[in-house]
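# Structure at a glance
Read off the chains here:
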Amino acid sequence: MATSLVSSCSGSHSTLDPAGPEAAKVAQLFYVMLAGGAVIWIGLVSVFIYAARKKHQHTEENAGRVILWGGAIIPSVILCALLSYGMWLMPAIRPWVPDDQSVRRIEVTGEQFWWRVRYLDEADGIMFETANEVRIPIGEPAHFSLKAADVIHSFWVPSLGGKMDMIPGRTNPLTLTADREGTYRGVCAEFCGESHALMAFTVRAVSPADHEAWLAERSASDPQDAEGLAVFLNNGCGACHAISGTAANGRIGPDLTAFGERGTLAAGTLPHTAEDIARFVAHPGEIKPGVKMPHFGMLPEDDIKKIAAFLKELR
Ligand code: CUA
């Protein structure tokens, strides 16, 4: 039964299927806590059974000793040991990065209900911005600066480590390391409004060489579909969304540069198809209640289709 319980927790979204050293320590802590809790539970149940069955046989002194050891001293010692172990493990789960160390950081800002992702250089200058998908190189620590634009959100990639709150007005650091390639699902772990449950993202871990190539490529965007771009701009989409290399430079909504390369739509809510993009553009509030984007269902259907086709192919 234990196997079936644990096997349901595997995959790209599981604390018990760690893909890096920080997550491995979280899983280790879970198993040690489980074992400690099991010993305390077995001890207490044994004391109850002993008390119930031997009620008429043992002396009061004997019973007192059993209750003292089984019900108080041994559980207390185990709890203290578990607490010490957890505190000892803390630095490995939350590696601390000194502020003065010039490292590249990825700034992620939680917004209702999506993730603004900025790649920063060593001097904390913005290299480029994207949304809802994060890329990191494997085998080296990725340093995140976590922020919130409106309410409290929480950044959690179960396969890569523990969660970290994103609090308006604060920057919380978090370091995660992936030691194998893969796409790991992340979620918002703090209730933040109507579409909290529709606020997911992915972390794609690739080789360091692929990551560097991707970073270099990202600085430029080259939209091929001139007609689609014109429809996008004429309908005012560029007032909220930015696409590097075009006149669209809005900063309110998610940056759509290279949008066609993304795996999902609307922060992990929909598959990345032209039909779903059109559906979202027309009625975002029906798909994602509470979203700030106004609906564009009043546009001619042909315009919506052109915008969707343009975004789907945008590299
Ligand atoms: Cu953001 Cu819950």
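Residues numbered from 1 in each chain as written. Predicted model: local features only at pLDDT ≥ 70, side-chain atom pairs only at ≥ 80, totals over all residues. Heavy atoms only, no water.

For the protein chain, the name recorded in an unreviewed UniProt entry is Cytochrome aa3 subunit 2, with Neorhizobium huautlense as its organism. Note on the protein chain: under the UniProt heading Function (unreviewed entry), the record states "Subunits I and II form the functional core of the enzyme complex. Electrons originating in cytochrome c are transferred via heme a and Cu(A) to the binuclear center formed by heme a3 and Cu(B)." Of the protein chain, the UniProt comment under Sequence similarities (unreviewed entry) reads exactly: "Belongs to the cytochrome c oxidase subunit 2 family." (UniProt positions renumbered as here; feature names shortened; annotations may be inferred.)

The grouping of Phe-30, Tyr-31 and Leu-34 at the surface amounts to a nonpolar patch, some 280 Å² of accessible area in total. Of the residues examined, Phe-30 reaches a relative accessible area of 38% and is grouped as partly exposed. (Patch = residues over 30% accessible without salt bridge, like charges linked within 9 Å, V, L, I, M, F, W, Y side chains within 5 Å. Areas by Shrake-Rupley, 256 points an atom, 1.4 Å probe, with all protein chains shown as cover. Salt bridge = Lys/Arg side-chain N within 4 Å of Asp/Glu carboxyl O. Buried < 20%, exposed > 50% of the residue type's maximum accessible area, 1.4 Å probe, protein only.)

Attention now moves to the sheet that holds strand β2 (residues 114-120). One open sheet holds the five strands; their spatial order is β3-β2-β1-β5-β8, and the pairing between them is mixed. Pairing within the sheet leaves two strands with one partner each, and these edge strands are β3 (126-131) and β8 (172-176). Strand-to-strand twist in this sheet, taken as the mean axis angle between neighbours without regard to direction, amounts to 25 degrees. Two elements, strand β1 (residues 105-111) and β2, share seven bridges in a ladder whose sense is antiparallel. Its bridge partner lying in β2, Glu-111 is registered against Trp-114. Helix α4 (residues 208-218) rests against β2 and β3 of the sheet, and its axis sits at about 95 degrees to β3. (Pairing = 2+ DSSP bridges. Helix = DSSP H or I, 4+ residues; strand = E, 2+ residues; numbered from the N terminus. Axes fitted to C-alpha atoms, helices over the stretch in contact; angles between N-to-C directions. Contact = heavy atoms within 4.5 Å.)

Here we come to the side chain of Lys-288. Here Lys-288 shows up in the loop between α7 (284-287) and α8 (301-312). Buried and unpaired, Lys-288 has no salt bridge, with Asp-150 as the nearest side chain of opposite charge at 11 Å. Reaching out from Lys-288, the side chain makes a polar contact with the backbone oxygen of Ala-266 at a distance of 2.9 Å. Beyond its immediate stretch of four places on either side in the chain, Lys-288 contacts Phe-113, Ser-195, Leu-198, Ala-266, Ala-267, Thr-269 and Phe-280. (Lys, Arg positive; Asp, Glu negative; His and termini not counted. Polar contact = N/O pair within 3.5 Å; in protein donor to acceptor, adjacent residues only side chain to side chain.)

The next subject is the environment of Ala-274. As for its position among the elements, Ala-274 is in helix α6 (residues 274-282). The partly exposed category is assigned to Ala-274, whose relative accessible area is 27%. With 35 residues separating them in the primary sequence, Ala-274 and Ala-309 have C-alpha atoms 5.8 Å apart. With sequence-adjacent residues up to four places away left out, Ala-274 is seen in contact with Ala-308 and Lys-312.

So, on to the UniProt feature "domain: Cytochrome c" (unreviewed entry) in the protein chain. Sites flagged by UniProt as "domain: Cytochrome c" (unreviewed entry) map to residues 223-315. Counting secondary structure, residues 223-315 comes out at 37% helix and 4% strand; the distance between its end C-alpha atoms is 7 Å.

This brings us to the nonpolar core. Trp-115, Val-134, Ile-136, Phe-144, Phe-155 and Leu-160 are the most contacted members of the largest nonpolar core, which totals 35 residues. Formed by 25 residues, the second largest nonpolar core is a distinct cluster that contains Ile-243, Ala-248, Leu-270 and Leu-299. (Core = buried A, V, L, I, M, F, W, Y, C linked by side-chain atoms within 4.5 Å.)

This next bit is on the packing of helix α2 (residues 21-53) against helix α3 (residues 60-93). Put simply, α2 and α3 touch, their axes get as near as 10 Å, and they point 175 degrees apart. The pairing of α2 with α3 is recorded here as roughly antiparallel in orientation. For the contact of α2 with α3, the class distribution of residues is 19 nonpolar, seven polar and two charged. (Parallel < 35°, antiparallel > 145°, perpendicular 65-115°, else oblique. Nonpolar A, V, L, I, M, F, W, Y, C, P; charged D, E, K, R; others polar.)

This paragraph deals with the sheet that holds strand β6 (residues 153-156). Strand order in the open sheet formed by five strands is β4-β10-β9-β6-β7, with mixed pairing between adjacent strands. Of all the strands in the sheet, just β4 (133-137) and β7 (164-166) have a single pairing partner and so form its edges. Geometrically, the sheet is characterised by an average inter-axis angle of 25 degrees between neighbouring strands, direction not taken into account. Bridge analysis of β6 against β7 gives three bridges, and the strand direction is antiparallel. Looking across to β7, one finds that Phe-155 is bridged to Met-164. Sitting on the sheet, α4 touches β4 and β10 (200-206), and the angle it makes with β4 is about 130 degrees.

All buried positions along α4 are accounted for by His-211, Trp-214, Leu-215 and Arg-218. What you see down the axis of α4 is that its buried residues fit within an arc of 100 degrees, all on one side. Relative to its buried face, α4 has exposed residues pointing more than 90 degrees away, namely Ala-209 and Ala-216. Looking at the buried residues of α4, the elements they touch are β2, β3, β4 and β10. (Arc of directions from axis to C-beta.)

This part takes up the pattern of salt bridges. A side chain of one charge can pair with a side chain of the opposite charge when the charged atoms of the two come close. Across all of its chains, the model carries 16 salt bridges by this definition. Residue Asp-255 pairs with Arg-251 through a salt bridge whose shortest N-O separation is 3.4 Å. Look at Asp-255 and you get buried, because its relative accessible area is 5%. Each member of the salt-bridge network shares a partner with another, and the members are Glu-107, Glu-111, Arg-116, Arg-118, Glu-129, Lys-147, Arg-251 and Asp-255.

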